[in-house]
Amino acid sequence: MINPSLSLRAPLSILPEVADALATGRAVVALESTIITHGMPYPQNMDMAQQVEQDIRDAGAVPATIAVMGGQIHIGLSQAALAALAQTPHARKLSRADMAACLVSGDTGATTVAATMIAAQLAGIDVFATGGIGGVHRGAETSFDISADLTELARTAVTVVCAGAKAILDIPKTLEVLETYGVTVIAYGQSEFPGFWARNSGLPAPLRFDTAADIAQAHLMRARLGLAGGQLVANPIPLQDEIPLPQITPMIEQALAEAAAQNMAAKSVTPFLLDRIFALTAGRSLTANIALVRNNARLGAEIAQEIATARA
Ligand code: PSU
């Protein structure tokens with residue numbers, strides 16, 4: 001359900017297909033746009049965005065890609081808007097801190113996990129699928145670089161499906177912070193926390209569920225308990241698409257060393273590292289990234305349908 005007290009005031013522009021699905025209680029899956037503008041090069045980013053929307057439709061749910069344009073938070077993008085966004089190289093990368101300011105300025109802004117969660121909650125969407133979340137960066141004990149995605153998971157009641165965390169982050173510290181914040185972290189179908197490009201990370205997941213129905217029930221139970229905050233579902237990349245940990249680890253280490261040598265900081269760190277790892281893996285990281293986002297979209301659609309059925 002749309003939260004009327006919030007959404008009446010928020011400048012939301014909801015695509016008719018999405019508005020119809022929300023009004024009739026059908027399953028909707030939110031998608032972020034930073035992965036389009038900052039996570040992948042053109043034209044692969046546009047192909048990925050269209051393919052992922054199709055995957056969600058094929059799985060029986062309605063996709064809602066979210067972005068800020070022209071002073072409105074768009075919940076669902078037309079094909080033309082999606083294509084335009086994929087070719088906007090200087091879109092702002094929005095999080096909680098700068099979303100309102102971007103709406104005021106009228107600039108085009110891509111939503112990170114944090115900003116997409118805020119928009120999804122305003123629109124009444126429970127489930128959001130993406131590739132990777134931001135987390136605690138390596139060296140955070142001195143840089144204090146911790147993604148606002150983690151704080152958002154602590155306060156906004158959306159279930160986020162990702163493929164685990166990338167080893168460009170400090171994964172043990174990321175899991176520690178999520179635990180401190182009371183975020184439900186669930187590995188899907190395995191006991192180990194997945195490592196994005198690799199199915200494993202060497203770390204146990206806090207929780208494991210094997211069905212979308214159980215994940216949906218846990219989402220609804222959090223609401224019944226009145227708990228703020230969301231769930232993070234970590235869905236391992238399909239076996240045929242993974243870059244095993246021993247192969248990807250040295251490339252991650254090299255990219256991190258280059259980022260440090262070039263004094264990369266704040267919002268530019270993640271896009272820089274993704275770009276370098278793309279080059280070092282000769283493009284394989286991108287193929288894997290697309291495969292895992294599609295896999296997450298399909299699981300997100302299943303969870304959203306289970307939630308819709310339970311509410312009907
Ligand atoms: N991880 C990816 N691709 C991405 C991102 C993360 O594999 O595009 C984006 C997401 O939008 C995420 C954001 O919310 O980066 C985190 O950025 P930061 O670390 O600056 O908070």
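Everything numeric here is computed off the predicted structure, so don't read it as measured data. (Residues numbered from 1 in each chain as written. Predicted model: local features only at pLDDT ≥ 70, side-chain atom pairs only at ≥ 80, totals over all residues.)

## So, the UniProt feature "binding site: substrate" (unreviewed entry) in the chain
UniProt feature "binding site: substrate" (unreviewed entry): in the numbering of this structure it lies at Lys-93, Val-113, Ser-147, Ala-148 and Asp-149. Judged by maximum C-alpha separation, these annotated positions cover 57 residues in sequence but sit close together in space, the widest gap being only 12.5 Å. As for its position among the elements, Val-113 is in helix α7 (residues 113-123). With sequence-adjacent residues up to four places away left out, Val-113 is seen in contact with Glu-32, Thr-130, Ile-133, Gly-134, Asp-149, Glu-152 and Val-160. When residues no more than four places from it in sequence are discounted, the contact partners of Ser-147 are Gly-134 and Gly-135. (UniProt positions renumbered as here; feature names shortened; annotations may be inferred. Helix = DSSP H or I, 4+ residues; strand = E, 2+ residues; numbered from the N terminus. Contact = placed C-beta atoms within 7 Å.)

## Things to note about the nonpolar core
Residues Val-28, Val-29 and Val-160 are the most contacted members of the largest nonpolar core, which totals 103 residues. No other element matches helix α14 (residues 284-311), which puts 11 residues into this core. Those residues in contact with Val-160 that lie beyond four places of it in its chain are Val-113, Met-117, Phe-128, Thr-130, Ile-133, Leu-153, Gly-230, Leu-232 and Val-233. (Core = buried A, V, L, I, M, F, W, Y, C linked by C-beta atoms within 7 Å. Buried ≥ 20, exposed ≤ 12 C-beta atoms within 10 Å, placed from the backbone.)

## Here's the deal with the site of the ligand
Surveying the vicinity of the ligand reveals 17 residues, the closest of which are Thr-34, Gly-39, Thr-112, Gly-134 and Ser-147. Going through the elements one at a time, α3 (34-37), α9 (148-155) and α13 (269-280) are the ones with two or more residues in the shell around the ligand. Residue composition of the shell around the ligand, by class: 5 nonpolar, 9 polar and 3 charged. (Near = placed C-beta within 6 Å. Nonpolar A, V, L, I, M, F, W, Y, C, P; charged D, E, K, R; others polar.)

## A look at the environment of Phe-128
Tracing the backbone through its elements, the reader meets Phe-128 in strand β7 (residues 127-129). Not counting residues within four places of it along the chain, the set of residues in contact with Phe-128 comprises Val-29, Ala-30, Thr-116, Met-117, Ala-120, Val-158, Val-160 and Gly-300.

## As for the packing of helix α12 (residues 245-261) against α13
A packed helix pair is summarised by two numbers, namely the angle formed by the two axes and the spacing between the axes. Put simply, α12 and α13 touch, their axes get as near as 9 Å, and they point 135° apart. With respect to their mutual orientation, α12 and α13 come out oblique. Between α12 and α13 lies a crossing whose hand is right-handed. Facing α12, whose interface residues are Met-251, Ile-252, Gln-254, Ala-255, Leu-256, Glu-258 and Ala-259, α13 presents Val-269, Phe-272, Leu-273, Arg-276, Ile-277 and Leu-280. Here the residues of the contact of α12 with α13 sort into 10 nonpolar, 1 polar and 2 charged. (Axes fitted to C-alpha atoms, helices over the stretch in contact; angles between N-to-C directions. Parallel < 35°, antiparallel > 145°, perpendicular 65-115°, else oblique. Left-handed = near helix turned anticlockwise from the far one by under 90°.)

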